[in-house]
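# Understanding the architecture of this molecule
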Amino acid sequence: MRTLFIHHQTRYAYERPVSFGLHRLMIRPRDGHNMRVLDSRLAVSPQAEVHWTFDTFGNSVALLTFHKEADELVLVSELVLRRYGLDEPMARIERHARGYPFQYGREDSIDLGPLLTVHCEEDRATVERWISEKIPDLPKRSLRVLDLLSTAIHESFAYSRRDAYGVQSPGETIRTASGTCRDFAYLFMEAARSLGFAARFVTGYLYDPSGDTGVGIAMTGGGATHAWADVFIPGAGWIEFDPTNRLVAGLNLVPVATTRTPAQAVPVSGSYQRNGAGFLGMSVDVSVTQST
């Protein structure tokens, strides 16, 4: 168990005042047996009406309606939450993980159908060829297959931070041999699906103990929102795989939203009317620290 304080600020700047359309935020986790939100605060400038709702996946979504123009938009979210992890996660997953290849049961297959389907069909051949090159002999255990897949992404590609919206296609990540945590999560998700696993995209935060305490090996992806993938293993449930840091069932991962595709999990999205004003830029600042 770990109590964390999360500060997330997003700022957009313009040459002169602009009018803002509806904005959509996915920044608040759901309470569950693995995480409890103890306190939350959302500050918006200029002032906006805030309406909370749920999307089709059950994620918390804040809808912002603005009535005033401004030359900057500042969104500040602060969370205090308690994160719980599995006891001896690898042993528990291994205990439930089936041999590979396997098939989900009838009821699971119906419920998991969209998450078993490869999203980027045009890159399927490229992804499958990459898998065969990196893992020519697939192990007979599901957990080992997924661990090797995560390791291959972690060791084969260079990480490069990119604040712009969107993700690279799996094929582009393979061709360029580089990407962000979002790109790596998307490639892992599509590769897992091509191997018969149900996988979903996750956006959230990463707690880096070395950045907080100055002790240990630094993780990659701090200072911004983070992304990874979940895979459903019968008996063990949804298990986190973060190929950026080669984490499995990581207590340092704080999930905010889980979706079928990366485009459905954008932390902040919205529109504005230029009115002739130029866009000066966007900045994102995220800090995750352990709370006493």
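Everything here concerns the structure above.
In every chain, residue numbers begin from 1 and rise along the written sequence. Two thresholds apply to this predicted model, a pLDDT of at least 70 for residue-level local features and 80 or more for giving and counting side-chain atom pairs, whereas whole-chain, interface and lining totals are computed over all residues. The basis for every side-chain value is the complete set of heavy atoms in the structure, and neither hydrogens nor water enter the calculation.

## Quick notes on the packing of helix α3 (residues 124-134) against helix α6 (residues 181-194)
Each axis is a line fitted through C-alpha atoms, and for a helix only the stretch in contact is used; angles between axes span 0 to 180 degrees, taken between their N-to-C directions. Numbering of helices and strands runs from the N terminus, with a helix taken as a DSSP run of H or I at least four residues long and a strand as a DSSP run of E at least two residues long. At a minimum axis separation of 10 Å, α3 and α6 run at an interaxial angle of 85°. Judged by the angle between their axes, α3 and α6 are roughly perpendicular. Touching Val127, Glu128 and Ile131 of α3 are Leu187, Ala191 and Ser194, all from α6. Ten residue types, Ala, Val, Leu, Ile, Met, Phe, Trp, Tyr, Cys and Pro, are classed as nonpolar, four, Asp, Glu, Lys and Arg, as charged, and the remainder, Gly among them, as polar. Residues of the contact of α3 with α6, tallied by class, amount to four nonpolar, one polar and one charged. Angular relationships are summarised with four words: roughly parallel below 35 degrees, roughly antiparallel beyond 145, roughly perpendicular across 65 to 115, and oblique for the angles in between. In this description, contact between two residues means that some pair of their heavy atoms is separated by no more than 4.5 Å.

## Notes on the environment of Leu112
Along the chain, Leu112 falls in helix α2 (residues 106-116). Considering only alpha carbons, one finds Leu112 and Ala198, 86 residues apart in sequence, at a separation of 6.3 Å. Look past the residues within four positions of Leu112 in its chain and what remains in contact with it is Tyr104, Ala198, Phe232 and Trp238.

## Some remarks on the pairing of strand β5 (residues 70-83)
Exposed residues in this analysis have more than 50% of their type's maximum accessible area, buried residues have under 20%, and partly exposed residues fall in between, with area computed by a 1.4 Å probe over protein chains only. In terms of burial, β5 is a largely internal element, ten of the 14 residues being buried. Only strands that DSSP links by at least two bridges are regarded as paired with each other. Bridge count between strand β1 (residues 2-25) and β5: 13 bridges; the pairing is antiparallel. Across the sheet, Thr10 pairs through a bridge with Leu75, a residue of β5. Sheet analysis places strand β2 (residues 35-45) next to β5, joined by ten bridges and oriented antiparallel. In the strand pairing of β5, Leu42 is matched with Ser77.

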